[in-house]
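A structural walkthrough
Here are the chains, one letter per residue:
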Amino acid sequence: MGPTRAQFIQYAPAALALTSVTAGPWSALAAAAAGAGAWAAGASAPALRSLIACGITASGCGIAAHQVLTTGMNPLFALGLAVPASAAALAHHRNTGAGLPVLPATTAAGQSSQAQLITAWWTEFICGPTQTEGRKLIQPGARLAHLALDVGDDHASFSGVITVPQGQQVRVKAADIAAVYQIPVSQVEMGDPKHFAPNALPVTVHLKKAPELPEQPGIAAGAPTTPEELWAAHVAIPDGAMPGTTLTLTRYDGPLDWEGVATRDRKAIGTVNLQALAGNLDLETIQIALAPTDKPSQMGVRVMKEHALMHGTMLSDVVDELAMDSRGYVRLGTYIDARAALVPLAQPGSGARHLYLVGGSRSGKSGILEQILLSAHRSRIGVILASPQAGTIAGAHLAAYCGDGLDEAMGALRLAYALMLDREARYRSPAFPFTDPLLLIVIDEAHMLLSVSSPYHAEAKAIVEQMTRRSLKRGIGVVLATQTPLAEDLGNSTVIRSQLLIGGGAVFLRCARGQGSLVGANAVEGAEGIDLSMIPSSWPGQYDKVADRDMTGLDTEAAAGPEDGTFGLGYLLTPGSQAVQFRSLHLDIPPASLSAGQPPVTVEGCQAWQHRETITQTAMVDQRGKNLIGSLTDLLTKTEQGPAALPQQRAQTDPAGPTGPVDGQELIKPRILELLREESIPMTAETIARKLGTTAKNVKPRLSELKKRNEITNENGLWRAA
């Protein structure tokens, strides 16, 4: 094997000096000087190369001059040979004195000196085969392939691919590499193993990072400051929340209080991710509100320092707006732009209207139902109330008929269906206005009747589907409330929700996390992309307010204010429009107290109403849960046979006789929820079973099902309501 590059640089001038001794004393002196210079400690590789060239030139000139003089030629020729020697010396002086640029020396393999050093450290400490005695390699065989350097005046980094033999997995960590090269871990960037082969992982190591520029006090020159500039810099860019849009301000009262219109040139803006928009503008989600316009290429935007609906609208201030106007609308709350939020309960010349209400626990859903009951009462609209959870609606006495409890709620549904059949028989050619009053069928916690786990699933689903399709022309509207917009809460019926939305409005309040996304199968036209779980449960700063404890004792006269929570905050979708943020009225006084002592609006004295006690006990489907009764005549014929037994599907879940309804897997879930909510203390499954008069074997599977729906929680075996 021949000499290495370093050995050649060190020994070549000395060998040249030794060889030239036989040629002449002058050349020997010059070569010896070159060799001595090459041997000098601390000399750089470029300087050594320049010195070698100078030594060779001087040696050659010395040999030639010696021969000229010994042969007796003209001494002027020998003097002339000093010119190239002087030129070589001058060139060497210029190269070393003027600062020769540092060029990486390359080996025969084409690798620079920096790359050699990086590879040597990698081999020594990480992959082997060479290593320092007593030190364990990080991962033998994990070599660094495809090495690439990026070296500048203020930075130095290298990148490559860590590769191990096929069948193995890369185990080298960023902390290992940082320890080898003595740099912070933050300067090591490794690829995500999920996106690459197990035996190959890219890595980038910043040996020297460019210093960060110090922050300049105040606003840097050219930085966006106005809302239009911020919008263009962060929102309208390709990866922004609303790419390709421009903002036109309509009101500006400060950087955190302005309104504007976002416009996209001849293209629909489409669904906007409110979270992404808040991130682009460096705001909280609650500080931004969107208002769709009549044009799909425009979107209203409002930024608020303090949410416009935080202080709410008092029920007592708008009592006169609760009754239905000439168009059939009643006031439900206030929009984000301070306009009155109205929903239709009827349509002149057409009949009644439906209303779809979605809201989880503590979202304000019950308060809205109380408002609707009061509006119906003041508008002289009769109400049939189905409330599977007993005692949850404070204004239940305003209804002409109230089914309070699961079985009674199913009875109320049967009565409502019978009234529709009765009106269909009497109003073959509908004439408006009706001589009979308008009716509202209010179904609270509808999932307890409609979901597959309900003992009345098939019957309730068949009745509600037919009513949402056929009742409007008969002056009967359906107000259906449930906790989530998920299809299973409506018995997996797309008919019910589509008919509710076509036949009226919708109110969307806060839902539990993961259950409120109006996308995919749960998408609602006009409310695309809204995630109801992102509605906050409290206003900004509420946690600081709660932290200020008052230990003077419980104030029994204190009343909750609208600033204490976001109850009633959500989105209102009315026919032919887009969902707009609104807040229902704050119940500073109980709605039922505004009934002025008037009795509830009664239902006409028709056959269905006269036989209501029997009808509520008569199943409207056969023993298989199918073939819904389709006419009033058939219904009355069945009622003459006496109250029917429960459907076969319920008998199958209640094999234990009288104790069946308690032990049945379908009916026991609402009882578990009711118990946990009333007790408000955590319980074991055995305690729950004992209080319900059943066994833990029947309770535990139902607890797991309720937990999956996020209606209850479990902590160390203790169950409580969510």
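About the criteria used
- Residues numbered from 1 in each chain as written.
- Predicted model: local features only at pLDDT ≥ 70, side-chain atom pairs only at ≥ 80, totals over all residues.
- Heavy atoms only, no water.
- Buried < 20%, exposed > 50% of the residue type's maximum accessible area, 1.4 Å probe, protein only.
- Helix = DSSP H or I, 4+ residues; strand = E, 2+ residues; numbered from the N terminus.
- Arc of directions from axis to C-beta.
- Contact = heavy atoms within 4.5 Å.
- Pairing = 2+ DSSP bridges.
- Axes fitted to C-alpha atoms, helices over the stretch in contact; angles between N-to-C directions.
- Phe/Tyr/Trp six-rings, centres within 6.5 Å; stacked < 30°, edge-to-face > 60°.
- Salt bridge = Lys/Arg side-chain N within 4 Å of Asp/Glu carboxyl O.
- Core = buried A, V, L, I, M, F, W, Y, C linked by side-chain atoms within 4.5 Å.
- Polar contact = N/O pair within 3.5 Å; in protein donor to acceptor, adjacent residues only side chain to side chain.

1. As for helix α8 (residues 227-235)
Of all the positions in α8, only Pro 227, Trp 231 and Val 235 are classed as buried. All buried residues of α8 project into a common sector of 40 degrees when viewed along the axis, lining one side. The inward-facing, buried residues of α8 abut β5 (245-252), β6 (258-264), α9 (274-280) and β8 (298-303).

2. Description of the sheet that holds strand β14 (residues 382-387)
Reading across the sheet, the 10 strands line up as β10-β9-β20-β19-β18-β13-β17-β16-β14-β15 and stay open at both edges, with mixed pairing between neighbours. A single partner strand is all that each edge strand has here, and the edge strands are β10 (340-344) and β15 (401-404). Across this sheet, the average inter-strand angle for adjacent strands is 25 degrees, counted without regard to direction. Inspection of the sheet shows strand β9 (residues 329-335) paired to strand β20 (residues 580-584) by three bridges, in the antiparallel sense. Paired with Tyr 335 across the bridge in β20 is Phe 582. Across the sheet, helix α11 (residues 406-426) is in contact with β14, β15, β16 (439-443) and β17 (476-482); its angle to β14 comes to roughly 145 degrees. Set on the sheet, helix α14 (residues 494-502) makes contact with β13 (354-358), β17, β18 (504-509) and β19 (569-573); between it and β13 the angle comes to about 120 degrees.

3. Comments concerning the side chain of Ser 451
Take Ser 451: it is sitting in the loop between α12 (447-450) and α13 (457-470). What Ser 451 contacts, discounting residues up to four positions off in sequence, is His 457, Glu 488 and Gly 491.

4. What about the packing of aromatic side chains?
Under the criterion given, the structure shown has four aromatic pairs. Measuring from ring centre to ring centre gives 6.4 Å for Trp 121 and Tyr 181, while their planes differ by 20 degrees; the resulting arrangement is stacked. Separated by 60 residues along the polypeptide, Trp 121 in helix α6 (residues 113-127) and Tyr 181 in helix α7 (residues 174-181) bring together distant segments of the chain. For Trp 121, a relative accessible area of 32% puts it in the partly exposed group. Of the residues examined, Tyr 181 reaches a relative accessible area of 12% and is grouped as buried. When the ring of Tyr 356 is compared with that of Phe 508, the centres are 6.2 Å apart and the planes differ by 85 degrees; the resulting orientation is edge-to-face. Of this pair, Tyr 356 sits in strand β13 while Phe 508 sits in strand β18, and the two are 152 residues apart along the sequence. When sorted by exposure, Tyr 356 lands in the same class as Phe 508, which is buried. One aromatic cluster in this structure is built from Trp 121, Phe 125, Phe 158 and Tyr 181.

5. Here's the deal with the pairing of β6
Judged from the seven bridges that link them, β5 and β6 form a sheet pairing that is antiparallel. The residue bridging Thr 245 from the neighbouring strand is Arg 264, located in β6. Hairpin connection of β5 to β6: five residues between the antiparallel strands, including Gly 254 at a positive phi of 135 degrees. Pairing analysis gives six bridges linking β6 to β8, with the strands arranged antiparallel. Residue Trp 258 lies in a different strand from β8, and its bridge partner there is Val 303.

6. Observations regarding the sheet that holds β5
Pairing in this open sheet of four strands is antiparallel, and the strands run β5-β6-β8-β7 from one edge to the other. The open sheet has two edge strands, β5 and β7 (288-292), and neither has a second partner. Averaged over all pairs of adjacent strands, the angle between strand axes in this sheet comes to 25 degrees, irrespective of strand direction. Where α8 meets the sheet, its contacts fall on β5, β6 and β8, and the angle it forms with β5 comes to roughly 155 degrees.

7. Structural notes on the pattern of salt bridges
Under the counting rule described, the total for this entry stands at 20 salt bridges. Taking the shortest distance from any N to any O, the salt bridge between Glu 459 and Arg 414 comes out at 2.8 Å. On the criterion of sequence distance, the pair formed by Glu 459 in helix α13 and Arg 414 in helix α11 is long-range, its members being 45 residues apart. The pair Glu 459 / Arg 414 is uniform in exposure class, with both members buried. With a closest N to O distance of 2.8 Å, Glu 711 and Arg 709 form a salt bridge. According to the relative accessible area criterion, Glu 711 is buried, its value standing at 7%. Overall, the relative accessible area of 26% leaves Arg 709 in the partly exposed class. When salt bridges with common partners are traced through the structure, they connect Arg 251, Asp 253, Asp 257, Glu 259 and Arg 302 into a single cluster.

8. Let's talk about the nonpolar core
Within soluble globular proteins, side chains that are nonpolar generally end up buried alongside one another. Formed by 118 residues in total, the largest nonpolar core has its most connected members in Trp 231, Ile 443, Leu 480 and Phe 508. Here this core gets 12 residues from one element, more than from any other, and that element is α11. With near-sequence residues (within four places) excluded, Ile 443 lies in contact with Ala 386, Leu 413, Leu 449, Val 464, Val 478, Val 479, Leu 480 and Ala 481. Ala 142, Tyr 181, Leu 201 and Val 205 belong to the second-largest nonpolar core, a separate cluster that totals 21 residues.

9. What to know about the side chain of Glu 459
Residue classification places Glu 459 among the buried positions, given a relative accessible area of 1%. Here the side chain of Glu 459 touches Arg 414 through a polar contact of 2.8 Å, side chain to side chain.

By themselves these figures say nothing about function.
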